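# Tertiary structure, described
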Amino acid sequence: AAAEWRTTFDAVEDGIILTKSDGEILRCNEAARALFGRSFTDIIGRAPWEHLNLEGEVVLNCFNSMKESLSRQHAVLTIGKRWFSIDVDPILNGGGLIGGVFILSDITSQKETEEELRVAHEELKKLATTDKLTGAYNRTKFDEIIDIETERAKRYGSPLALIVFDIDHFKVVNDNYGHSAGDSVLKAIADIVRDNIRKPDYFVRWGGEEFMIISSDSSINKASALAERLRRTIEAHQFGEVGTVTMSFGVTEFRADETTAAFIARADGATYMAKKKGRNRVEAVR
């Protein structure tokens with residue numbers, strides 16, 4: 001009967017460890033032995049946490065919590081490159097603790113699936129909020145950000161600037177060089193913008209050849225300086241077979257008593273003014 005019990009005990013896939021009330025191991029099955037990577041002789045008589053190096057403290061804390069509460073304790077830990085769920089249960093006799101049972105279940109596959117789902121979710125989230133060609137935020141994300149930033153500006157009285165800009169005569173680029181060349185120009189401009197804005201700034205592709213930058217905690221003067229730097233950098237850049245292109249910029253600062261729509265319209269109007277005054281320039285409207 002003892003041999004049959006031992007065979008069944010060792011056949012269980014989960015690691016099982018039986019201990020005294022102080023944590024000293026009395027018995028463990030083959031799965032636990034393989035997990036520790038030691039012989040039964042080396043394992044018996046020591047505590048489980050002594051065999052687990054970096055994760056030993058997690059297991060010890062679980063055991064101590066079990067002793068204090070006399071109830072099951074649970075934790076998740078990594079051993080090597082594998083994930084394990086560990087449950088520590090009390091063994092009671094007459095209401096007193098006489099030992100503990102540790103059960104370790106390999107949940108690596110579950111964790112890998114969770115990670116794959118998390119990555120997939122992040123990818124879907126990114127696809128839903130970014131422009132595929134340029135990597136800039138799209139209009140959906142813009143609507144979310146602009147509402148948050150205008151509310152924050154109202155609440156704390158912090159400055160908020162908006163830059164609207166588009167490529168001058170972009171239709172000519174597409175007509176003369178093709179849409180593939182036009183796409184290359186858009187991607188190159190996006191790279192230039194990302195290299196020049198601050199981390200708190202939000203870069204958005206508004207549509208076609210038009211872009212926006214939401215510049216939080218930035219005054220109209222600072223935003224205008226950024227726009228001018230971008231204008232000069234883009235004007236000086238060589239866009240392959242297309243050669244040089246220029247952009248017109250409109251800049252404005254949020255007013256606490258206005259709507260988001262009015263804020264955007266004023267920035268857009270400033271860009272139109274830059275176009276009307278000859279293009280390749282920055283116009284700021286307060």
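All of the points below concern the structure found in this document. Computed from a prediction, not measured in an experiment: that's the story for all the values here.

### Description of the packing of helix α8 (residues 179-196) against helix α9 (residues 220-236)
Contact geometry of α8 with α9 gives a least axis separation of 10 Å together with a crossing angle of 140°. As the angle between them shows, α8 and α9 are arranged oblique. When the axes of α8 and α9 are compared, the crossing they make is right-handed. Packed against α8, whose contacting residues are Ile189, Ile192, Val193 and Asn196, the element α9 presents Leu226, Arg229, Leu230, Thr233 and Ile234 at the interface. When the residues that make up the contact of α8 with α9 are grouped by side-chain class, the tally is 6 nonpolar, 2 polar and 1 charged.

### Quick word on helix α6 (residues 139-156)
Taking 1.5 Å per residue as the helical rise, α6 with its 18 residues ought to reach 26 Å, and the 25 Å between its terminal C-alpha atoms agrees with that figure. Among the residues making up α6, those that are buried are Lys141, Phe142, Ile145, Ile146, Glu149, Thr150 and Ala153. Considered in projection along α6, the buried side chains sweep an arc of 150° and stay on one side of the axis. Residues Thr140 and Arg155 are exposed on α6 and point more than 90 degrees away from its buried face. N-capping of α6 is provided by Asn138, with a side-chain oxygen placed 3.2 Å from the backbone N of Thr140. Trailing α6 by a residue or two, Gly157 shows a phi angle of about 70°, which is positive.

Procedures and definitions
- Residues numbered from 1 in each chain as written.
- Predicted model: local features only at pLDDT ≥ 70, side-chain atom pairs only at ≥ 80, totals over all residues.
- Heavy atoms only, no water.
- Axes fitted to C-alpha atoms, helices over the stretch in contact; angles between N-to-C directions.
- Helix = DSSP H or I, 4+ residues; strand = E, 2+ residues; numbered from the N terminus.
- Parallel < 35°, antiparallel > 145°, perpendicular 65-115°, else oblique.
- Left-handed = near helix turned anticlockwise from the far one by under 90°.
- Contact = heavy atoms within 4.5 Å.
- Nonpolar A, V, L, I, M, F, W, Y, C, P; charged D, E, K, R; others polar.
- Expected span 1.5 Å × (residues − 1).
- Buried < 20%, exposed > 50% of the residue type's maximum accessible area, 1.4 Å probe, protein only.
- Arc of directions from axis to C-beta.
- Polar contact = N/O pair within 3.5 Å; in protein donor to acceptor, adjacent residues only side chain to side chain.

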